[in-house]
Amino acid sequence: MRVGEKTHHLLSDYLTERKSWLVDVSRIEELKRVIVNEMKMDFDISKTRDYTTYNKDHTFWLSEHYYGEQVDDRLDEVIAKVLHNFDVFLASEWHEKVQHYFTFAKTVFVEQPRQKNFHGMRVDLRSIPVLRDLNIMAAPDFGVVFSDDKYLIIDWKTGQEKLESDDITDQLKVYALKTLMKTKRPLEELTIETYEVYLPSLRHVGGYITQSHIDAIIQKLEDDMNYQKQFLVDQDIVRNEPLPHTNFPRTLSEKKCATCTFRKVCEDLKKFE
Ligand code: SF4
């Protein structure tokens, strides 16, 4: 039910204002009311939407409503999760830190998830010959430029925590690569620190970027690209080889299937396999 998306909107709304001025308690409550009203309105639109026709102006929908499930009783719980994520952030040392950055850093970037800037999201890979034709979009939630050679990147997370990883994730490596490409300088001249911060647990993973992280993500992107290329017909990027369904094994995780947008299609397809 879009807990992550709505948490990101609320955080971004708050941080965008806090970047320019002090936001008092009554304004914080107002921002919360706005997101609660939005969630209720979105939910109603999703619930009453006609799913038998396509309307490009209807951009919000929940798979639960598409599948005709009765989920009215879950809305309050979902709203409470979003507000709790935000409250936990406000009471955390990360809140203290970002306020400090707003005051003392050279530049602070707050992602605007409500207005996607696809041009700004693009990672410029033209200086890496093996990746020069690859198009990657990446926009971290929060970035700090302390000076021309010192950077901090933070991504807020609300989904399932990667319990096994205390290292730099691939997503963080891509953000670091994007920063590196923008500076057009070698990593040895820079310090890039990067974290994923989970809400509401406040657990974080990440650290300082090293050349081996950069080399690893370049290699991973190249490997992934080459893997995809094998399905192209005559190396034409529009014509793809259809693959047998056995190339896409189903997950054994019932938890993943319960919220998967394709769960009905997936079930129906079993009859033809
Ligand atoms: S329902 Fe979704 S997650 Fe589950 S096996 Fe099918 S496609 Fe995968």
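Throughout, a residue's number is its position along its own chain's written sequence, starting from 1. Only residues with pLDDT of at least 70 are given local features in this predicted model, and only at 80 or more are side-chain atom pairs given and counted; all residues enter the totals for whole chains, interfaces and linings.

### A short note on the overall build of the chain
Next, step 1: Scanning the chain from N- to C-terminus turns up ten helices and seven strands.
Next, step 2: The burial criterion counts other C-beta atoms lying within 10 Å of a residue's C-beta, which is placed from the backbone; the residue is buried at 20 or more, exposed at 12 or fewer, and partly exposed between these limits. Here the chain, with 273 residues, has 20% of them falling under the buried criterion.
Next, step 3: We call two residues in contact if the C-beta atoms placed from their backbones are at most 7 Å apart. In the chain, the share of contacts with a sequence separation of at least 24, taken over all contacts with a separation of at least 6, comes to 63%. To qualify as a helix, a DSSP run of H or I must reach at least 4 residues; to qualify as a strand, a run of E must reach at least 2; elements of each kind are numbered from the N terminus.

### Thoughts on the domain arrangement of the chain
Next, step 1: Delimitation of the domains relies on an automatic or database domain assignment. What the domain assignment reports for the chain is domain 1 (2-90), domain 2 (100-229) and domain 3 (242-272).
Next, step 2: For domain 2 and domain 3, the distance between their C-alpha centroids amounts to 31 Å.

### With respect to the sheet that holds strand β2 (residues 142-147)
Next, step 1: If DSSP finds at least two bridges between two strands, the strands pair. Pairing is mixed in the open sheet, where five strands are placed in the order β1-β2-β3-β4-β5. For this open sheet the edge positions go to β1 (107-110) and β5 (204-208), each flanked by a neighbour on one side alone. Pairwise comparison of adjacent strand axes, ignoring direction, gives a mean angle of 10° for this sheet.
Next, step 2: Pairing of strand β3 (residues 150-157) with strand β4 (residues 191-198) involves eight bridges; the strand directions are parallel. Here an angle of 0 to 180 degrees is reported between the N-to-C directions of two axes, which are lines fitted to C-alpha atoms, with helices fitted over the stretch in contact.

### Comments concerning the site of the ligand
Next, step 1: Being near a molecule or strand means, for a residue, that its backbone-placed C-beta atom lies within 6 Å of it. In the region of the ligand, the neighbouring residues are Arg250, Thr251, Lys256, Cys257, Cys260, Phe262, Arg263 and Cys266.
Next, step 2: Mapped by element, the contributors of at least two residues to the shell around the ligand are α9 (254-259) and α10 (263-269).
Next, step 3: Charged residues are taken to be Asp, Glu, Lys and Arg, nonpolar residues to be Ala, Val, Leu, Ile, Met, Phe, Trp, Tyr, Cys and Pro, and polar residues to be all remaining types, Gly included. Looking at side-chain class alone, the shell around the ligand contains four nonpolar, one polar and three charged residues.

### Some points on the pairing of β5
Successive residues of a regular strand alternate their side chains across the two faces of the sheet.
Next, step 1: With five bridges joining them, β4 and β5 adopt antiparallel strand pairing. Counterpart to valine 197 in the pairing with β5 is histidine 204.
Next, step 2: Between β4 and the antiparallel strand that follows it, β5, lie five residues; leucine 202 among them carries a positive phi value of about 70°.

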